[in-house]
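Residue-level structural notes
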Amino acid sequence: MTDNDIIEEAIRLVKEDVNVTLPVKGRSMLPFIIGGKESVILHRPGLIDVGDVVLAWVDGCRYVVHRIIRIDGDRITLMGDGNLTTEHCALGDIKACVTHVVDAMDKTHYLYNRWRMLGSKVWYWLRPIRRYLLAIYRRL
């Protein structure tokens, strides 16, 4: 079974209103979601907004868990918190919303509390120096 098969099964379950816990890989959501150590809890997408973390099919070729940074009608612009570049998808390519992160100690953390939202906004505005901050973070 490939990663895409697992993700597509998770999407199928989410469409049936089943909440799915999915481990994440990679560094694209650092420092807020740590790939290889943490998982995300997926829910059926409802109304989406800038700042939401979603599972999306981007550029017609792959799934990502990234944050929405812009909505222009049906065109969604996404960026991983650990990335410096954006990706795009259509509104219909948003497959699930991420509401919680499960850490390595099996503790569940809500993604949209006041402090996490403030942290993500500050982190977004730190894009000009984010590369250097991430380099330091990865060495810790």
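What follows deals with the packing of helix H2 (residues 114–125) against helix H3 (residues 127–139). Two numbers describe how H2 lies on H3: the axes approach to 6 Å, and their chain directions differ by 100 degrees. Between H2 and H3, the angle falls in the class roughly perpendicular. Judged by residue contacts, Trp-123, Tyr-124 and Trp-125 of H2 engage Arg-127, Pro-128, Arg-130, Leu-133 and Leu-134 from H3. Grouping the amino acids of the contact of H2 with H3 by side-chain chemistry returns 6 nonpolar, no polar and 2 charged.

The next point concerns the UniProt feature "domain: Peptidase S24/S26A/S26B/S26C" (unreviewed entry) in the chain. Per the UniProt record, "domain: Peptidase S24/S26A/S26B/S26C" (unreviewed entry) is annotated on residues 19–79. Taken end to end, residues 19–79 is 0% helix and 51% strand, and its first and last C-alpha atoms sit 24 Å apart.

Formed by 21 residues in total, the largest nonpolar core has its most connected members in Ile-33, Val-40, Leu-42, Val-53, Leu-55 and Val-98. When residues of this core are traced back to their parent elements, those giving at least two are helix H1 (3–15), strand E1 (20–23), strand E2 (39–43), strand E3 (53–58), strand E4 (62–72) and strand E7 (94–102). At 4 residues, the largest contribution of residues to this core is made by H1. Ignoring sequence-local partners within four residues, the contact set of Leu-42 consists of Ala-10, Val-14, Val-18, Asn-19, Val-20, Leu-22, Leu-55, Ala-96, Cys-97 and Val-98. Core analysis: the second largest hydrophobic core is formed by 11 residues, Ile-48, Ile-76, Leu-78 and Ile-94 among them.

With that settled, the discussion passes to the pairing of E3. The element E3 is extensively covered by neighbouring structure, given that 5 of its 6 residues are classed as buried. Across 6 bridges, E3 lies against E4 in antiparallel orientation. What sits directly across from Ala-56, in E4, is Val-64. Hairpin connection, E3 to E4: the antiparallel pair is bridged by 3 residues, and Asp-59 has positive phi, about 50 degrees. Across 4 bridges, the pairing between E3 and E7 is antiparallel. In the sheet register, Ala-56 faces E7, and the bridge partner there is Ile-94.

Definitions and cut-offs
Residues numbered from 1 in each chain as written. Predicted model: local features only at pLDDT ≥ 70, side-chain atom pairs only at ≥ 80, totals over all residues. Heavy atoms only, no water. Axes fitted to C-alpha atoms, helices over the stretch in contact; angles between N-to-C directions. Helix = DSSP H or I, 4+ residues; strand = E, 2+ residues; numbered from the N terminus. Parallel < 35°, antiparallel > 145°, perpendicular 65-115°, else oblique. Contact = heavy atoms within 4.5 Å. Nonpolar A, V, L, I, M, F, W, Y, C, P; charged D, E, K, R; others polar. UniProt positions renumbered as here; feature names shortened; annotations may be inferred. Core = buried A, V, L, I, M, F, W, Y, C linked by side-chain atoms within 4.5 Å. Buried < 20%, exposed > 50% of the residue type's maximum accessible area, 1.4 Å probe, protein only. Pairing = 2+ DSSP bridges.

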